[in-house]
Amino acid sequence: MCSIPCLLLPLLFPWQIHSDSDEGDGSIKYTISGEGAGTIFLIDEITGDIHATERLDREQKTFYTLRAQARDRQTDQLLEPESEFIIKVQDINDSEPRFLEGPYIGSVAELSPIGTSVMQVMASDADDPTYGSSARIVYSVLEGEQHFTVDSKTGVIRTAVADLDRETQDRYEVVIRATDMAGQLGGLSGSTTVTIVVTDVNDNPPRFPQKMYQFSIVETAPVGTAIGRVKAEDSDVGENTDMTYQMKDEEGVEMFKVTTDSNTQEAVITIRKPLDYESKKVHTVVVEALNKFVDPRFVDLGTFRDQTIVRVSVLDVDEPPEFWPPSNTMEVQEDAHVGSIVGVVTALDPDTANHPVRYAIDRSTDTERIFDIDANTGAIVTGKVLDRETAGWHNITVLAMEADNHSQVSRASLRIRILDVNDNPPELATPYEAAVCEDAKPGQLIQTISVVDRDEPQGGHRFYFTLAPEATNNHHFSLLDVKDNTAAVHTQRVGFNRQEQDVYLLPILVVDSGPPALSSTGTLTIRVCGCDSTGAIQSCNSTAYAMSATLSPGALIALLVCILILVVLVLLILTLKRHHKSHLTSEDDEDMRDNVIKYNDEGGGEQDTEAYDMSALRSLYDFSEIKGGDGGGGPGEGGNPASERHALPQWVQSPDLDFSVFRDYICRKVEQADEDLSVPPYDSFQTYAFEGSDSPVPSLSSINTWSSGSEQDFSYLGGWGPRFRQLAALYAGRRGEEDSEES
């Protein structure tokens, strides 16, 4: 079979395949298979003609691969091996150029030179670029050619003029066309719109809309108050409109301050110094605006700054009086009499009306009313006696107000210094005490004396020391003025004897330099002590010997106060003790109920001589020796030592005693305890029937003692007090009955 490797199908004419064994008798059947077989491509089984059933588009598919077979019509067997062939679609100019990357937006700075590149556009053509000129594209400008051009081959858009002005027109719409077939007649074309934005440059200086601005402000406005705002306009945009403002005249720089509001680019004018209507009513200043960023390429266009005049009118208000001078310091002697003039304050009304002024003192700063002020003249006088040592400075506030309008008030702080006068005598720095050894030698230093003085003379302190007149006959110690406001005490004799006198009181007179000179007497206590060989003090006695028996009034008062306090304390203690004792006695007299006392320790018997004082118990009874006989009632008889024990008081039940009271009381208590379920069973009954086999003394219990053979007299029980009153009644009554029976 003849094979056709490639068929070009530009039109719809048929192609044919043919086998060499085909004799034209119709015994061979032709078939095809592969891409598009039976759909796009059909074959005549007898002739082998191939037909395309639809129009082919090279832009969608450029070629098709098919296989052809020659078969026996009767047996359908291949007569020859199948043959593969390709149908290649030949291109025609059926696709126009297209701009696929649109929309296009470019930018160029204003005032750019001619030929400045703006941007590049590119179009694509689906036709075969290798076949003919179907895909060869050229570019041209359809609209906007007055300002821009485009390169026909590359599509680069450039400026056509040098005077692009953003402030005039900031946006251009340029239409670019792309044509295939290299722009020849019959070529297809496509177009796109390119938006070109003109960007800003700083080519416009700031300009004030007005040449003069007027503002007004009251004279009492505080420093920093904003007077007004002005703004210079700039046709540029962005940072090219950023500007700064400044004052251009000396008056404006001195009185006012201008700042730039970064958000609005306005000039904010504020007060730098206080305004005064009476001094100047109108202020005229010059404000200048200039661009912050200047492009050096456009300096030749002119100065990028502008100026305007700002006129500020000061409005008059009713102001409070002003002190002159504003603050003041005054001085006064501390010995000044009440009513003495300290100084004069002056305040004036700054208004043109010049109202009269009245003065007063803010009493919150002078609560003790130490000073007064004349309401009309402002003269400050003392209201009380001054004392520099109590308060050396006084800070008061003086008020000045208009006479007819007290709401207009001003304040001034006044410092008053109290000048010192010598009105305090010098005193010893501390109550000095010194020690001297018994074997001290003459001239030995004992103590150095210093003094204090509450006064503060301008020339400084100068003190003089000497012994007081009452110590003129002193031959034991000497006083030396060291001339540096101290004095030294030395011994004046050889040795001291503590047995004769162990304490010396040395009065010292101290005088200051005045004027006037003041003095006081202080006492130095010197103790005579025993010392070792090195001079170290070993011991001192405290018996005082006064060279001057006179006590100062202060010491005497302190001594009396101490004695009075001690007496009161002693009386208070005695009263509390008496009250406590009477309270206990009354309780003992009233509370005669039976008490159950529990002891947890039994004791050690007679051998235990430390736990209890047995002698105190034995002394309560008048023991007598009991000889053996029938009336002993003891466990031993005859000469048994046990029978010679002293008899103890024994309780014998009287047949006519009534115990119903105790029985009823105990029963009531038992019933109460049984009914109260919250109370634990504290009640118990214990029987003690055995004393102990080792005790040499008979039982002390009276419960088991029924013998009446005791001959002891129990009348002394009546002197044991109220606690033993019932016991005395029982035993004394029993003894009386026995005596009556015997009689």
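This is a predicted model, so every value here is computed, not measured.

So, the overall build of the chain
Thinking step 1. Along the chain, the regular secondary structure elements total five helices and 39 strands.
Thinking step 2. Counting across all 743 residues of the chain, residues that qualify as buried make up 32%.
Thinking step 3. In the chain, once contacts between residues fewer than 6 apart in sequence are set aside, the share between residues at least 24 apart is 66%.
Thinking step 4. Counting every atom, the chain has about 46400 Å² of accessible surface; 53% of that belongs to carbon and sulfur.

Focus: the pairing of strand β33 (residues 445–452)
Thinking step 1. As judged from the two bridges shared by strand β31 (residues 427–428) and β33, these two strands associate in the antiparallel manner. Of the residues in β33, the one forming a bridge with L428 is V451.
Thinking step 2. Direction of pairing for β33 relative to strand β36 (residues 486–491): antiparallel, over a ladder of five bridges. Among the inter-strand pairings, Q447 is bridged to a residue of β36, identified as V489.

Let's talk about the pairing of strand β7 (residues 83–88)
Thinking step 1. Only one face of β7 is covered, namely the one carrying S83, F85 and I87; the face carrying E84, I86 and K88 has none of its residues buried.
Thinking step 2. Across six bridges, the pairing between strand β6 (residues 63–72) and β7 is antiparallel. Paired with Y64 across the strands is I87, a residue of β7.

A closer look at the confidence of the model for the chain
Thinking step 1. Counting all residues, the mean pLDDT for the chain is 81, and 79% of those residues have values of 70 or more.
Thinking step 2. Predicted confidence for residues 700–709 stays below pLDDT 50, and this span has 14 contacts to residues more than four positions away or in other chains.

So, the packing of aromatic side chains
Thinking step 1. Scanning the model with the defined rule gives nine aromatic pairs in all.
Thinking step 2. Aromatic side chains F208 and Y245 sit 6.2 Å apart centroid to centroid with 50° between the ring planes, which places their arrangement in the tilted category. Of this pair, F208 sits in the loop between β14 (189–199) and β15 (212–218) while Y245 sits in strand β17 (residues 243–247), placing them 37 residues apart in sequence. Y245 shares its class with F208; the two are buried.
Thinking step 3. An aromatic cluster is built from F99, Y104 and Y139, whose rings are joined through pairwise contacts.
Thinking step 4. Between R462 and the ring centre of Y464, over which it is positioned, the NZ or CZ distance is 4.5 Å.

Quick notes on the rules
The numbering scheme is per chain: residues are counted from 1 as the chain's sequence reads. For this predicted model, a pLDDT threshold of at least 70 governs which residues receive local features, and a threshold of 80 or more governs which side-chain atom pairs are given and counted, while totals over whole chains, interfaces and linings are taken from all residues. Values shown for side chains rest on all heavy atoms present in the structure; no hydrogens or waters enter the calculation. For the purposes of this entry, the term helix denotes a DSSP run of H or I that reaches at least four residues, the term strand denotes a run of E that reaches at least two, and both are numbered from the N terminus. Residue burial is assigned from relative accessible area. The probe radius is 1.4 Å, only protein chains are included, and a residue is buried under 20% of its type maximum, exposed over 50%, and partly exposed in between. Residues count as neighbours in contact if any of their non-hydrogen atoms are within 4.5 Å of one another. Only the protein chains shown count as cover for residues, and all accessible areas are computed by the Shrake-Rupley method using a 1.4 Å probe. DSSP bridges decide pairing: two strands pair if at least two such bridges lie between them. For every residue, the predictor states its confidence as a pLDDT score lying anywhere from 0 to 100. Two rings from Phe, Tyr or Trp (for Trp, the six-membered ring) form a pair when their centres sit within 6.5 Å of each other. Planes less than 30 degrees apart are called stacked, planes more than 60 degrees apart edge-to-face, and all others tilted. Charge over a ring is defined by NZ of Lys or CZ of Arg lying within 6 Å of the ring centre and within 35 degrees of the ring normal.

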